[in-house]
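Listed below are the residues making up each chain.
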Amino acid sequence: MASQPHHPHDHSYKLLFSHPEMVRDLLTGFVKEAWVEQLDFSTMEKVSGSYITEDLRDREDDVIWRVRWGDDWLYVYLLLEFQSSVDRFMAVRVMTYLGLLYQDLIRQEAFTPNGKLPPVLPIVLYNGEKRWTAAQNVADLVEQVPGGLERYRPDLAYLLLDEGAVISDPEWSDHMRNVAAALFRLEHNRDEQDMLEVLGTLVEWLKAPEQTGLRRAFVVWIRRVLLPNRAPGMELPEFNELQDLHEVHDMLAERIKQWPERWEEKGRQEGEQRGIEKTARNLIKLGVLSDEQIAEATGLTVADVEGLREEDTH
């Protein structure tokens, strides 16, 4: 399996979800299943993710947590994977990571009281603009063969949290007291005032001294991901000196009035891009030109055309 390139979004998210408050709010806010109500979040413990695959790729930056479930010391392991683009074979990657985790648990003899392996919840957290289209169970990626062979087809699902779909859901509440929800809303904010409102709320929620680390993790994410995406090219030299969330909020409140002009330009560019993609989709539907010819005609890359073709097949 080809190595996946790292993305600043992935690293910043790993830093944020290295804090138990983020994982707790992710589960309580977005996993609507009865077993979550029986978790003892005071027992949350981050687990080393240093797994070496057969081709020696290091997975030491995985975010893996364990938490006590019910009255027994039965740990539910949470395997978090962060995506900023759709990966058609994500289910295969999750299956591989889960196998590596179980191999490590076997080496540690980390079994349940019944001598079995503990359950694992694989979560894929996706923040891309387009909706997630990849299969959420590895079984859907394997050809079915009748006559008995289908019994051996792997069957493993992961929980997808597509941020854009979450905040577009009619049941979404902007007033949830949930730091994971606040992160989603920041990433997909409606306008600059919405962004400032969420930041102000986070400042209030995370003002306790013991939450200093999480506040700084948000600062890193804002610096590396949010601002470069929302205000590309804007000079903010003093921003690198800011260490706490309330300072970031105050600075942005002063500087954010410069953003609308840049957002208008970004909106114009995104509109042009959507127009180009629409043209490419129409050419794909005609079924006359190859991907290479469509790419040459529209200025897109061949990979972009292949991606549009794949989206249209779902």
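Residues numbered from 1 in each chain as written. Predicted model: local features only at pLDDT ≥ 70, side-chain atom pairs only at ≥ 80, totals over all residues. Heavy atoms only, no water.

What about the packing of helix α10 (residues 291-298) against helix α11 (residues 302-312)?
(1) Moving on: Contact geometry of α10 with α11 gives a least axis separation of 8 Å together with a crossing angle of 115°. The orientation of α10 relative to α11 falls into the category roughly perpendicular. Considering how the two elements wind past one another, α10 and α11 form a crossing that is right-handed. Along the contact surface, α10 presents D291, E292, I294 and A295, while α11 presents V302, V305, E306 and R309.
(2) Moving on: Taken together, the residues of the contact of α10 with α11 break down into 4 nonpolar, no polar and 4 charged. (Axes fitted to C-alpha atoms, helices over the stretch in contact; angles between N-to-C directions. Helix = DSSP H or I, 4+ residues; strand = E, 2+ residues; numbered from the N terminus. Parallel < 35°, antiparallel > 145°, perpendicular 65-115°, else oblique. Left-handed = near helix turned anticlockwise from the far one by under 90°. Contact = heavy atoms within 4.5 Å. Nonpolar A, V, L, I, M, F, W, Y, C, P; charged D, E, K, R; others polar.)

Re a nonpolar patch on the surface
(1) Moving on: Together, I106, F111 and L117 make up an exposed nonpolar region whose accessible area comes to about 250 Å².
(2) Moving on: Relative to the helices and strands, L117 resides in the loop between α3 (90-108) and β4 (120-126).
(3) Moving on: A residue is classified by how much of its surface remains accessible, and L117, at 33% relative accessible area, is partly exposed. (Patch = residues over 30% accessible without salt bridge, like charges linked within 9 Å, V, L, I, M, F, W, Y side chains within 5 Å. Areas by Shrake-Rupley, 256 points an atom, 1.4 Å probe, with all protein chains shown as cover. Salt bridge = Lys/Arg side-chain N within 4 Å of Asp/Glu carboxyl O. Buried < 20%, exposed > 50% of the residue type's maximum accessible area, 1.4 Å probe, protein only.)

Some remarks on the environment of V179
(1) Moving on: For V179, the position within the fold is in helix α5 (residues 179-187).
(2) Moving on: Residues V179 and V23 lie 156 residues apart in sequence; the distance between their C-alpha atoms is 9.3 Å.
(3) Moving on: In this structure V179 touches E21, M22, D25, L202, W205, L206 and F218, once residues within four positions along its chain are discounted.

Thoughts on the side chain of D291
(1) Moving on: Structurally, D291 is set in helix α10.
(2) Moving on: When its relative accessible area of 14% is taken as the criterion, D291 is described as buried.
(3) Moving on: When neighbours within four sequence positions are excluded, D291 is seen to be in contact with V302, V305, E306 and R309.

A word on the nonpolar core
(1) Moving on: Grouped together as the largest cluster of nonpolar side chains are 51 residues, with contacts concentrated most on L16, F17, L26, L27, L202, F218 and W221.
(2) Moving on: When residues no more than four places from it in sequence are discounted, the contact partners of L202 are V179, A182, L186, F218 and L245.
(3) Moving on: V47, I64, L98 and Y126 belong to the second-largest nonpolar core, a separate cluster that totals 22 residues. (Core = buried A, V, L, I, M, F, W, Y, C linked by side-chain atoms within 4.5 Å.)

As for the side chain of E81
(1) Moving on: Relative to the helices and strands, E81 is located in strand β3 (residues 74-83).
(2) Moving on: A relative accessible area of 7% means that E81 is categorised as buried.
(3) Moving on: Engagement of the side chain of E81 in a polar contact is seen with the side chain of R93, the distance being 2.6 Å. (Polar contact = N/O pair within 3.5 Å; in protein donor to acceptor, adjacent residues only side chain to side chain.)

Some details on the packing of aromatic side chains
(1) Moving on: All told, the structure shown has 5 aromatic pairs when counted by the stated rule.
(2) Moving on: Taking the centre distance of 6.0 Å and the plane angle of 50° together, the rings of Y13 and F17 count as tilted. No difference in accessibility class separates Y13 from F17, as the two residues are buried.
(3) Moving on: Of the aromatic side chains, those joined through ring pairs into one cluster are Y13, F17 and F82. (Phe/Tyr/Trp six-rings, centres within 6.5 Å; stacked < 30°, edge-to-face > 60°.)

Regarding α3
(1) Moving on: In this model, α3 (19 residues) spans 27 Å end to end at C-alpha, consistent with the 27 Å of a helix rising 1.5 Å per residue.
(2) Moving on: Where α3 is concerned, the buried positions are M90, A91, R93, V94, Y97, L98, L100, L101, D104 and L105. (Expected span 1.5 Å × (residues − 1).)

Things to note about the pattern of salt bridges
(1) Moving on: Summed over the entire model, instances satisfying the criterion amount to 10 salt bridges.
(2) Moving on: Residues R309 and D291 are paired through a salt bridge, measuring 2.6 Å at the closest nitrogen-oxygen approach. Separated by 18 residues along the polypeptide, R309 in helix α11 and D291 in helix α10 bring together distant segments of the chain.
(3) Moving on: Residue classification places R309 among the partly exposed residues on the basis of a relative accessible area of 30%.
(4) Moving on: Ionic contacts of the salt-bridge type, sharing partners, join the residues E81, D87 and R93 into one network.

Brief notes about the environment of L156
(1) Moving on: Examined against the element boundaries, L156 turns out to sit in the loop between β4 and β5 (159-162).
(2) Moving on: Remark: the alpha-carbon pair of L156 and N137, spanning 19 residues in sequence, is separated by 5.4 Å.
(3) Moving on: Beyond its immediate stretch of four places on either side in the chain, L156 contacts V94, M95, L98, Q136, N137 and V138.

A word on the pairing of β4
It is a general feature of regular strands that their side chains alternate between the two faces of the sheet.
(1) Moving on: Burial analysis of β4 places 7 of its 7 residues in the buried class, the great majority of the element.
(2) Moving on: The alternating pattern of β4 places V120, P122, V124 and Y126 on one face and L121, I123 and L125 on the opposite face, and all of these are buried.
(3) Moving on: Where β4 and β5 come together, 4 bridges link them in parallel fashion. The partner of L125 across the bridge, within β5, is L161. (Pairing = 2+ DSSP bridges.)

Some remarks on the packing of helix α2 (residues 20-30) against α5
Angle between the axes and distance between the axes: these two values describe a pair of packed helices.
(1) Moving on: Contact geometry for α2 and α5: axes closest at 7 Å, N-to-C directions at 85°. Judged on the interaxial angle alone, α5 and α2 are roughly perpendicular. Contacts between α2 and α5 pair E21, M22, D25, L26 and F30 from the former with V179, A180, A181, L183 and F184 from the latter.
(2) Moving on: Partitioned by chemical class, the residues of the contact of α2 with α5 number 8 nonpolar, no polar and 2 charged.

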